[in-house]
Amino acid sequence: FRNEITPGNFTYRMREFEQMEMQFFIEPSENKKWFDFWKEERMKWYLSLGMKKENLRFRDHKKEELAHYARDGVDIEYKFPFGWNELEGIHDRGDWDLSNHAKHSGKDLSFIPHIIETSAGADRSALAFLIESYQEEEKRVYLNLAPALAPYKAAVFPLLANKPALVEKAREVYEMLKVNSQQSMVNGFMVAWDDRGNIGKRYYSQDEIGTPFCITVDFQTLEDNTVTIRDRNTMKQERVKINELISYLAGKLI
């Protein structure tokens, strides 16, 4: 956690914000190699989660703006509506941390590795992903979130909430996927239940929170044990057997 004196730009800069930091220990002779490696790896992370390449850039730190502990530094910046701003800093910290630890603790450290540090803003990254994924169409708004970032991976509906047979079958599907989600929490597999209003409103409601897939139990389901799966982005639908749902979703959500 960090404290900020001058908050601003919605959740980009708050009084208290969270950072995701890594200290990567290296051989003292390999600073540039690992600095360049983590610079590229961290950029790939944002791209892999759906950010457009044209909305990201590196900004090298000038010598006079380097932190006192840094031998080299670069920011990954995102093109926010309020301009280009930092998402993450990558620094070559040299041996500043551990040599000072040895100096002030009086402990003899025979070998002192150098450190490459990556420091990403969790709150501001979340804001950037939301901005990047927000889409407006003539009849709907949706979040084009990467599946890994979507709060729910799928939602389950009965076509009609006043038909007990449909509700019961939909509950079976929901419970099946819910059980799987608890067993596979490491993969972030979560499902939602929704039986409010008409089916169109339910689709649009899930679109707005970025749910990638909606699963509808209808009258055909009662006959052949298949369900309709609707894709959030394309709104296309296909029939899938209930016993193949878990593998189908697992393949789509990677």
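See above for the structure.
Note that the coordinates shown come from a computational prediction; the quantities given were computed from them, not determined experimentally.

1. Thoughts on the overall build of the protein chain
Line of reasoning, step 1. Looking only at helices and strands, the protein chain has 7 helices and 14 strands in total.
Line of reasoning, step 2. The globule rule puts the C-alpha radius of gyration for 254 residues at 18 Å, and the 24 Å found for the protein chain is more than 25% above it.
Line of reasoning, step 3. Counting the 254 residues in the protein chain, one finds 41% classified as buried.
Line of reasoning, step 4. Taking the intrachain contacts of the protein chain between residues at least 6 apart in sequence as the baseline, contacts between residues at least 24 apart amount to 57%.
Line of reasoning, step 5. About 14,500 Å² of surface is accessible on the protein chain, with carbon and sulfur atoms providing 52% of the total.

2. A closer look at the sheet that holds strand β12 (residues 213–217)
Line of reasoning, step 1. Sheet architecture is open: 5 strands sit in the order β11-β10-β12-β13-β14, paired in mixed fashion. Each end of this open sheet is capped by a strand with a single partner; those strands are β11 (191–193) and β14 (237–241). When the angles between neighbouring strand axes are averaged without regard to direction, this sheet yields 30 degrees.
Line of reasoning, step 2. Strand direction decides the pairing type here: β12 and strand β13 (residues 226–231), joined by 4 bridges, are antiparallel. Bridging across to β13, F213 finds its partner in D231.
Line of reasoning, step 3. Against the sheet, helix α5 (residues 199–208) touches β10 (154–158), β12, β13 and β14, its axis set at about 170 degrees to β10.

3. Focus: helix α3 (residues 122–133)
Because each turn of an α-helix spans 3.6 residues, side chains separated by three or four positions in sequence point in the same direction.
Line of reasoning, step 1. A rise of 1.5 Å per residue sets the reference length of α3, with its 12 residues, at 16 Å; its end C-alpha atoms lie 17 Å apart and thus fit the reference within 8%.
Line of reasoning, step 2. By the burial criterion, the buried members of α3 are D123, R124, S125, L127, A128, F129, E132 and S133.

4. Looking at the sheet that holds strand β3 (residues 19–26)
Across a sheet, strands are paired by hydrogen bonds formed along the backbone, either parallel or antiparallel in direction.
Line of reasoning, step 1. Strand order in this open sheet of 5 strands is β3-β7-β6-β5-β4, and the pairing throughout is antiparallel. The sheet is open, and its two borders are formed by β3 and β4 (56–60), each paired with just one other strand. Shown here is a sheet whose adjacent strand axes are inclined to one another by a mean of 20 degrees, direction ignored.
Line of reasoning, step 2. Here 9 bridges tie strand β5 (residues 72–80) to strand β6 (residues 83–94), and the two strands are oriented antiparallel to one another. Note that in β6 the partner of V74 across the bridge is I90.
Line of reasoning, step 3. Across the sheet, helix α1 (residues 31–48) is in contact with β3, β4, β5, β6 and β7 (114–121); its angle to β6 comes to roughly 150 degrees.

5. Regarding the pattern of salt bridges
Line of reasoning, step 1. Taken as a whole and judged by the stated rule, the model has 17 salt bridges.
Line of reasoning, step 2. In this structure, R59 engages D75 in a salt bridge whose closest nitrogen and oxygen atoms are separated by 3.2 Å. With R59 in strand β4 and D75 in strand β5, this residue pair connects regions lying 16 residues apart in the sequence.
Line of reasoning, step 3. A salt bridge links R239 to D218; its shortest N-O distance comes to 2.7 Å. Of this pair, R239 sits in strand β14 while D218 sits in the loop between β12 and α6 (219–224), placing them 21 residues apart in sequence.
Line of reasoning, step 4. Classification of D218 by relative accessible area gives buried; the value is 13%.

6. Examining unusual backbone geometry
Line of reasoning, step 1. One non-glycine residue with positive phi stands out, namely N225, at about 60 degrees.
Line of reasoning, step 2. Following the sequence through the fold, N225 ends up in the loop between α6 and β13.
Line of reasoning, step 3. Look at M235: it is not a glycine, yet its phi comes out positive at around 65 degrees.
Line of reasoning, step 4. Position of M235 among the secondary structure elements: in the loop between β13 and β14.

Conventions and cut-offs
- Residues numbered from 1 in each chain as written.
- Predicted model: local features only at pLDDT ≥ 70, side-chain atom pairs only at ≥ 80, totals over all residues.
- Heavy atoms only, no water.
- Helix = DSSP H or I, 4+ residues; strand = E, 2+ residues; numbered from the N terminus.
- Rg over C-alpha atoms; globule rule 2.2 N^0.38 Å.
- Buried < 20%, exposed > 50% of the residue type's maximum accessible area, 1.4 Å probe, protein only.
- Contact = heavy atoms within 4.5 Å.
- Areas by Shrake-Rupley, 256 points an atom, 1.4 Å probe, with all protein chains shown as cover.
- Pairing = 2+ DSSP bridges.
- Axes fitted to C-alpha atoms, helices over the stretch in contact; angles between N-to-C directions.
- Expected span 1.5 Å × (residues − 1).
- Salt bridge = Lys/Arg side-chain N within 4 Å of Asp/Glu carboxyl O.

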